[in-house]
Every structure is written in C-alpha cells, then in structure tokens.
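# Coordinate inspection notes
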Amino acid sequence: MVNIFKTRRIRCKKSGKHQPHKVTQHKKGRDSLCVQGKRPFDRQPSGYGGKTKLIFHKKAKTTKKFVLRLDCVEPNCRSKRMLAINRYKRSELGGDQKRKGQVIQF
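Quick summary incoming for the structure in this document.

Definitions and cut-offs
Residues numbered from 1 in each chain as written. Predicted model: local features only at pLDDT ≥ 70, side-chain atom pairs only at ≥ 80, totals over all residues. Heavy atoms only, no water. Helix = DSSP H or I, 4+ residues; strand = E, 2+ residues; numbered from the N terminus. Rg over C-alpha atoms; globule rule 2.2 N^0.38 Å. Buried < 20%, exposed > 50% of the residue type's maximum accessible area, 1.4 Å probe, protein only. Patch = residues over 30% accessible without salt bridge, like charges linked within 9 Å, V, L, I, M, F, W, Y side chains within 5 Å. Areas by Shrake-Rupley, 256 points an atom, 1.4 Å probe, with all protein chains shown as cover. Salt bridge = Lys/Arg side-chain N within 4 Å of Asp/Glu carboxyl O. Lys, Arg positive; Asp, Glu negative; His and termini not counted. Charge placed at Lys NZ, Arg CZ, Asp CG, Glu CD. Core = buried A, V, L, I, M, F, W, Y, C linked by side-chain atoms within 4.5 Å. Phe/Tyr/Trp six-rings, centres within 6.5 Å; stacked < 30°, edge-to-face > 60°. Pairing = 2+ DSSP bridges. Axes fitted to C-alpha atoms, helices over the stretch in contact; angles between N-to-C directions.

## Thoughts on the overall build of the protein
What the protein contains, in helices and strands, is 1 helix and 6 strands. Its C-alpha atoms give the protein a radius of gyration of 22 Å, more than 25% over the compact-globule value 13 Å for 106 residues. Counting only C-alpha atoms, the protein reaches 70 × 45 × 20 Å along its principal axes. Expressed as a percentage of the 106 residues in the protein, the buried residues total 15%.

Pasting the structure below:
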C-alpha cells in the first residue's frame, strides 16, 4: 500500500518557485469518436464480408501507472501538470501516516 500526500511543495513551472500543489489522481477522459485511429477501425467491420478487426486478449500488465495531477495553489498561477509515478497494486491519497514508535490502541 502506497500512501501519497494530498499537498506537495514542488517547483512550479509557471512561476519558477517552489509552491504548494494540490495532488489528485488523474482520470482518463472519454474517448473521441472521430480520432484518426478510431475512424478506420469502425469502418472496417461494416459492409459486406471482409475481415473484422481483431480483439486483443493477451493482456500482460495487471496494474496501471499511477498518474498524479498537480494543481498550483497560488491564486495568481493555477498551473496544472501531470506526474506519472510507478505501478502500484494499491495506492491511497491522503491516508493516515505511520508514526515511528507509536503504540497501537484498540
């Protein structure tokens, strides 16, 4: 389990200074229907006969790369950027921190 903090002080690309950034997980947007690869892919199976496009079944990866979206908190800046980090089975944004030498209470 990987715990990721909700705020980070990192260098802002726009202002060039270290600023606090709000950290969220990046979500993929909806696919466009008219992109260059999708148009011929949809046209191929339509019509009489012809070979349809194959569906890929041999998926090798079990995890996806964790992509962070960093939003600058500075009111004048508000720049955004993405940061891809490693593959994780489970990750948590803003979970409880582990303290060294702390007694577990029930």
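## Let's talk about a positive patch on the surface
A surface patch of like charges, here positive, comprises Lys59, Lys61, Lys64, Lys65 and Arg87. Looking at the element boundaries, Arg87 is found in strand E5 (residues 80–87). Among the residues examined, Arg87 registers a relative accessible area of 37% and is labelled partly exposed.

## Side note on the nonpolar core
In this structure, Ile4, Ile10, Val23, Phe66, Leu68, Leu70 and Ile85 together form the largest nonpolar core, which totals 7 residues. Among the elements that line this core, the one with the most residues is strand E4 (residues 65–72), at 3 residues.

## Points about the packing of aromatic side chains
Within the structure shown, the criterion is met by 1 aromatic pair. Seen in terms of ring centroids, Phe66 and Tyr88 are 6.5 Å apart; in terms of plane orientation they differ by 65°. Their pairing is edge-to-face. With a gap of 22 residues between them, Phe66 in strand E4 and Tyr88 in the loop between E5 and strand E6 (91–93) connect regions that are remote in the sequence. The exposure class assigned to Phe66 is buried, which follows from its relative accessible area of 8%. Given the relative accessible area of 26%, Tyr88 is considered partly exposed.

## Digging into the pairing of E4
With 5 bridges connecting them, strand E3 (residues 18–25) and E4 associate as antiparallel partners. By the bridge assignment, His21 is partnered in E4 with Cys72. Judged from the 6 bridges that link them, E4 and E5 form a sheet pairing that is antiparallel. Counted as the bridge partner of Leu68 is Leu83 from E5.

## Digging into the pattern of salt bridges
Taken as a whole and assessed by the stated rule, the structure comprises 3 salt bridges. A salt bridge links Asp42 to Lys38, with the shortest nitrogen-to-oxygen separation between them at 3.2 Å. With Asp42 and Lys38 both in helix H1 (residues 38–43), this residue pair falls 4 residues apart, about one helical turn. A relative accessible area of 38% means that Asp42 is categorised as partly exposed.

## Quick word on the sheet that holds E3
Note on sheets: strands pair through backbone hydrogen bonds, and any given pair is parallel or antiparallel. Pairing is antiparallel across the open sheet formed by 4 strands, whose spatial order is E2-E3-E4-E5. Strands at the two margins of the open sheet, each flanked by one partner only, are strand E2 (7–11) and E5. Strand-to-strand, the axes of this sheet are offset by a mean angle of 40°, without reference to chain direction.

## Overview of unusual backbone geometry
Backbone geometry at Arg78 places phi at a positive 55°, although glycine is not the residue there. Following the sequence through the fold, Arg78 ends up in the loop between E4 and E5.

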